[in-house]
Amino acid sequence: MDTRTTDTAAEPFPWVPRWRTLLSSVAMARDPIGNLDRAHAGRGDTVGMHLGGIRPIIMTRDPALAQHILQKNHRCYLKSDLTHGLIRYIGRGLLTNEGADWLRQRRLIQPGFHRQRLAGLTRLMQAAAEEWTQELRQRTAAGPALVDIHEAMTRVAFRIIAQATFGTSMGDTERERLSTILTQIQAFYVRTIRQPYLRPWWHLTGSYRYHDALSQELRELVRGYIRRRRAASNSQPHDDLLQMLLDARYEDTGEPMTEDRLLDEANILLLAGHETSANALSWLFYLLAAHPEAAAKVRAELQSAGLANRPPVFDELPRLPYSLQVIQETMRLYPPAWILDRVALEEDEFQGQRIPKGTLFSIYLYGMHRHPQLWAEPDEFRPGRFAPHAQPPVPAYGYLPFGAGPRMCIGNHFALTEIQLMLVETLRHFSIELPPDTASVPVPLITLRPPHGMLLRFQQIQ
Ligand code: HEM
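Criteria and thresholds
Residues numbered from 1 in each chain as written. Predicted model: local features only at pLDDT ≥ 70, side-chain atom pairs only at ≥ 80, totals over all residues. Heavy atoms only, no water. Axes fitted to C-alpha atoms, helices over the stretch in contact; angles between N-to-C directions. Helix = DSSP H or I, 4+ residues; strand = E, 2+ residues; numbered from the N terminus. Left-handed = near helix turned anticlockwise from the far one by under 90°. Contact = heavy atoms within 4.5 Å. Nonpolar A, V, L, I, M, F, W, Y, C, P; charged D, E, K, R; others polar. Pairing = 2+ DSSP bridges. Salt bridge = Lys/Arg side-chain N within 4 Å of Asp/Glu carboxyl O. Buried < 20%, exposed > 50% of the residue type's maximum accessible area, 1.4 Å probe, protein only.

## Here's the deal with the packing of helix α15 (residues 275-290) against helix α19 (residues 412-429)
Working step 1: Here α15 crosses α19 at 35°, and the two axes come no closer than 10 Å. Here the hand of the crossing between α15 and α19 comes out right-handed. Facing α15, whose interface residues are Ser-277, Ala-280, Leu-281, Leu-284, Phe-285 and Leu-288, α19 presents Ala-415, Glu-418, Ile-419, Met-422, Leu-423, Thr-426 and Leu-427.
Working step 2: Taken together, the residues of the contact of α15 with α19 sort by class into ten nonpolar, two polar and one charged.

Okay, here's the thing in structure tokens:
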């Protein structure tokens, strides 16, 4: 018998009875967010349940427990097999690595994301934003046009991360191939997690083989790129992430990374920096279409900062605080990483409650960001919550779109910069409307994606 369903005094957290998770496993697969919200509303901020009626997992939207796991006692927690499973396809890089090896890599790579480096990369972000507004100008030349925003933002975000990583000399065909491979691998990986009972079938039908071959192709494409760069490194200076990875030296040995190491890290940057940003941008434009008053305020801010007629440079972005608040509020309502996974490496304790070794946790950021006791009218879009002296202030550890603690997103400033540049460049030239029947229910996969066919209407501002 599963004592956890009956004996809550001896065990740390309330559990949804196993028979209930079994019965609702189809509903859970169909609508995880609705089901998780109901479980938390009924049983509290931290709830045990069985994934697919089988695998015990503790879901939490409690900021104190999130802080305990991610920051205070982070040494006791690793990412779970849900994240480590990606190693097969993408490799062992910052996102998927653990322990001392992760720390050594993080120390090596961190300087590549410092402010000064970022300032250099904003030129290509700006170029991508301009290319996007050129495309929009063509599409809206004869009047307002409907745009599949997720499709468009996926292209823009991939262009930015691919060029930031490999430089601007990568051709469109090669870049599109990389993007297709990553998309296919990710889609397959999500299916292997969601429908584990189909794994034997995928072995039989060669799906695993096919995706392993795709991952091999990805590695060879990136390897070719690294070798070409190495061969040409004396002839031309480069200021991209690949060059940073090539130039980095370990503190202890003074040695550079091996080629395979470098390849893994480059792949991880492509993966981690692509879909998250694309989703954030898509939800941002969706919310601005639904809230024209916020779009008008962004334009007014541009005007008063003297940036209505030209794109801002990196150092001017802090003069646009409201546009940043709009982005922060977007990621509160639609956190691209909507759930974080961890496993207890050893027995632990939280507020007097025992956490057995091996306990699997899911930190439910979507639920935390809309928690009715943390946020006033949590489902409302109110960028002013993030204003410097807003009351009530943003709850500590209640807002974690980039995670927290030592594993916090290394690309957070990169992401905020590209999103802010895209936001102001778009709103300088276009107005956005929400057609009445636009699909808007989020699709929670590895990231929180907008639904297919989320169409927004763009129009040139005269
Ligand atoms: C809006 C965009 C983004 C969001 C919401 C986001 C979110 C996150 C979150 C929540 C984590 C922590 C995961 C965990 O603790 O389990 C993370 C890690 C990471 N992100 Fe991002 N990210 C974004 C953009 C980027 C970009 C643009 C890059 C690269 C340029 C990037 C690279 C990484 C890497 C390498 C890690 C692993 C860091 C480590 O464990 O040392 N991310 N991201």
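Still more ground to cover, so stick around.
## Structural notes on the sheet that holds strand β4 (residues 145-148)
Working step 1: As summarised here, the arrangement of the three strands in space is β4-β12-β9, forming an open sheet in which the pairing is antiparallel. If you trace the sheet from one side to the other, it starts and ends with β4 and β9 (430-433), each paired once. In this sheet, adjacent strand axes meet at a mean angle of 40° when their direction is disregarded.
Working step 2: Where β4 meets strand β12 (residues 455-460), four bridges bridge the pair, whose relative direction is antiparallel. Opposite Leu-146, over in β12, you have Arg-457 as the bridge partner.
Working step 3: In the packing of helix α9 (residues 149-166) onto the sheet, the strands contacted are β4 and β12, and the crossing angle to β4 comes to about 60°.

## Notes on the pattern of salt bridges
Working step 1: Summed over all chains, the structure comprises 31 salt bridges.
Working step 2: In this structure, Arg-155 engages Glu-151 in a salt bridge whose closest nitrogen and oxygen atoms are separated by 2.9 Å. Highlighted residues: Arg-155 and Glu-151, both in helix α9, separated by four residues, approximately one helical turn.
Working step 3: Since its relative accessible area comes to 38%, Arg-155 is described here as partly exposed.
Working step 4: Of the residues examined, Glu-151 reaches a relative accessible area of 38% and is grouped as partly exposed.
Working step 5: Each of Arg-219, Glu-220, Arg-223, Arg-227, Arg-230, Glu-259, Asp-260 and Asp-264 takes part in salt bridges that share partners, so that together they form one network.

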